[in-house]
Amino acid sequence: MLFSFLIASVSAAPTNTTGIDRIDTNSVKIDPKYNDGRLIQRGGINRRFDDGDLTGKGGNLSGTDPRRLARLPDDLGPYLCVMLTFTSTQTIANPQYNPWFYGYPYYSYARGSWMYQWIHVPILHVSSKNENAIRNEFFGPTGYADWIDEASWGQQKLQSSDVDFITINMGNIDPIDFDLSILVQLVTAQQTYTNKINSRRFSSRPYTRTLIFQPDQPACMSTYPDYCNRAQGGILGRVGPDPTFSRYRGSVSQKWQTIAHELGHNDGLMHSGACSTSPMRERNGYWQYAASSIMGVERGKLYDINAPNRLKLGWMGPQSVVTYNAATGGVEDSAGASVLWKAYVSALNLGPAGTYRHLLLKIPCSTCTSAQDRSSTYHDGNVYVSFRGDDAAKSKYGVDDTIDWLNRLNTFERGTCTNTNLRLMTNRVHVHYQRTVQIPSELWTTLGQGESYEIAGPALVIHVCTVNDELGAVVTVGADSATAKALCP
Ligand SMILES: [Zn+2]
């Protein structure tokens, strides 16, 4: 018979330009339910650190750690972005290949059966956002660099020259089930990565962060639509993946808000939660992502970082904090000056303004229980009282009053999550709780002028005497509501 070939199999092999090592995907498959980082947090070991110990300029890294030394006083970065790609092969009928048959089935006398012709087409899978789009998430008019400049009151900046990109082609390895730990192993084993790191070996500023942008995967899109968008950051001070690495898959997870969230984990921050009616809430009606903060659900909003976390990051020094002393009833500033039972807290976005502006009233609470974990009291707990404006200091980022159904908040009162909706955020006094160890910060309530809040445990009531929109509030602390109210000027 004329046709001695029967099946034309044209396979363009994936080009492998990076010399990637083949790894056994079966040995590193990870159950998707472990992939969101929460298990790592639950199983992690708390490492105690004090307020302000995380400076964001190297945090609680040891004194000679290059990552600490790399951080200039006001300069973040440099950051390295790793774009991962991989190639899969799709097999399609090729009607054009054989000019005689045009893809119609033909009868092969050699095989004695009807045959098709096929062609194998390589498909390159790339990150949902490309390099330019990610650069825009960093440096667009509204984006990470602009956001961190505002949230840190200009103390931290990221220069566009301090974000570099490399692309690593993983050959035919689909990293669909790779969590951050596996991706770190994979990336750091690549010559492309090593060369890039080495190019800064003798620099005084090696990379402080590596962000891995994963390719989109058709299997992920069709099988687990929700699972496609995944981001994860190593948490400073916790057992788990390297806290200088983070990873992002899917267009939502590659937004600047998610990048800021994961880099917050890199700096040791945990989630900002609240009591919530969200169906995703956890035990006791608490949802670790609920609060209006970049460390909560950050998608689509212009949230910033709440007051207790700014203290942890070192953006707010001790001079910005006044502390309630239960023994004396005094509210003391960092210089030791004391005003009985009363504090003026300025709008958070106004910033420290040198040394005179108080942004936070800290009430040590050794008998408070947390909303997330009510099983015991924590002696290192603090209640943090701050004031949030709407556009204080012409801020672009911050809290707002447009909370969608998923993010609906409730108050935490008398040690229990209530059904009382907590909708108002702006021009109100915010009451948070956080321990000095790395656990989530909890938004317990917000208060308007004339409103009181009883802190369950220590028999203390916070009362808001006056609110000055966009400027601040006068707050008193007393044994009960009437006492606190009577202390108002
Ligand atoms: Zn997170």
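### Focus: the overall build of the protein chain
At step 1: Within the protein chain, the secondary structure is distributed over 11 helices and 24 strands.
At step 2: Buried residues in the protein chain amount to 45% of all 489 residues.
At step 3: For the protein chain, restricting intrachain contacts to residue pairs at least 6 apart in sequence, the fraction spanning at least 24 positions comes to 67%.

### Topic: the environment of Q214
At step 1: In this structure, Q214 sits in the loop between strand 7 (209–213) and helix 7 (218–223).
At step 2: Note on Q214: 29 C-beta atoms within 10 Å, which makes it buried.

### Things to note about the pairing of strand 12 (residues 321–325)
At step 1: Pairing of strand 12 with strand 16 (residues 360–364) involves three bridges; the strand directions are parallel. Each bridged residue has a counterpart across the sheet, and for T323 the counterpart in strand 16 is K362.
At step 2: In this structure, strand 12 lies alongside strand 13 (residues 330–332), joined through three bridges in antiparallel fashion. Residue pairing for strand 13: Y324 is matched across the bridge by V331.

### Focus on helix 9 (residues 256–266)
At step 1: Burial of helix 9 is extensive: 11 of the 11 residues sit out of reach of the surface.
At step 2: On its buried face, helix 9 sits against helix 3 (131–139), helix 4 (144–151), strand 7, strand 8 (230–233) and strand 9 (245–249).
At step 3: Phi turns positive, to about 95°, at G268, one or two residues after helix 9.

### Concerning the confidence of the model for the protein chain
At step 1: The predicted model of the protein chain averages 79 in pLDDT, with 77% of residues at 70 or higher.
At step 2: Scored below 50 in pLDDT, residues 1–73 shows 125 contacts in the model against residues more than four places distant or in partner chains.
At step 3: Throughout residues 95–103 the model reports pLDDT below 50, and contacts reaching past four residues in sequence, or to other chains, amount to 12 contacts.

### As for helix 3
At step 1: For helix 3, the full list of buried residues reads I134, E137 and F138. Buried residues of helix 3 fall within an arc of 100° about the axis and therefore sit on the same side.

### A word on the sheet that holds strand 23 (residues 460–468)
At step 1: Across the sheet, which stays open at both edges, the four strands sit in the order 15-24-23-22 with antiparallel pairing between neighbours. Edge positions in the sheet fall to strand 15 (342–346) and strand 22 (452–455), since each has one partner strand and no second. Neighbour to neighbour, the strand axes of the sheet diverge by 25° on average, direction disregarded.
At step 2: Pairing analysis gives four bridges linking strand 22 to strand 23, with the strands arranged antiparallel. If you follow E454 over to strand 23, its bridge partner there is V461.

### Brief notes about the pairing of strand 24 (residues 472–478)
At step 1: Across the seven residues that make up strand 24, a large majority, seven, are buried.
At step 2: Burial along strand 24 is two-sided: G472, V474, T476 and G478 and A473, V475 and V477, pointing in opposite directions, are all buried.
At step 3: Sheet topology note: the strand 23/strand 24 ladder contains seven bridges and is antiparallel. Bridge pairing links I462 to V477 in strand 24.
At step 4: The hairpin turn running from strand 23 into strand 24, its antiparallel successor, is three residues long, and E470 in that turn takes a positive phi close to 70°.

### A look at the environment of E131
At step 1: Within the secondary structure layout, E131 lies in helix 3.
At step 2: Judged by C-beta crowding, with 16 C-beta atoms within 10 Å, E131 ranks as partly exposed.
At step 3: With 48 residues separating them in the primary sequence, E131 and M83 have C-alpha atoms 7.8 Å apart.
At step 4: Ignoring any residue separated from it by four or fewer positions in sequence, one finds E131 in contact with M83 and F165.

### Examining the nonpolar core
At step 1: Counting 56 residues, the largest nonpolar core has V345, L360, L361, I363, V383, V385 and V475 as its most contacted members.
At step 2: Ignoring sequence-local partners within four residues, the contact set of L361 consists of V322, Y324, V331, A343, V345, V385 and V475.
At step 3: Among the nonpolar cores identified, the runner-up in size contains 47 residues, and Y144, M170, L269 and V399 belong to it.

### Looking at unusual backbone geometry
At step 1: P78 follows G77 through a cis peptide bond whose omega is 5°.
At step 2: Mapped onto the elements of the fold, P78 is located in the loop between helix 2 (66–69) and strand 2 (79–93).
At step 3: Non-glycine residue W341 carries a positive phi angle of around 55°.
At step 4: The buried category is assigned to W341, around which 20 C-beta atoms lie within 10 Å.
At step 5: With phi around 55°, A459 is a residue other than glycine that occupies positive phi space.
At step 6: Mapped onto the elements, A459 comes out in the loop between strand 22 and strand 23.

Quick notes on the rules
- Residues numbered from 1 in each chain as written.
- Predicted model: local features only at pLDDT ≥ 70, side-chain atom pairs only at ≥ 80, totals over all residues.
- Helix = DSSP H or I, 4+ residues; strand = E, 2+ residues; numbered from the N terminus.
- Buried ≥ 20, exposed ≤ 12 C-beta atoms within 10 Å, placed from the backbone.
- Contact = placed C-beta atoms within 7 Å.
- Pairing = 2+ DSSP bridges.
- pLDDT = per-residue confidence, 0-100.
- Arc of directions from axis to C-beta.
- Axes fitted to C-alpha atoms, helices over the stretch in contact; angles between N-to-C directions.
- Core = buried A, V, L, I, M, F, W, Y, C linked by C-beta atoms within 7 Å.

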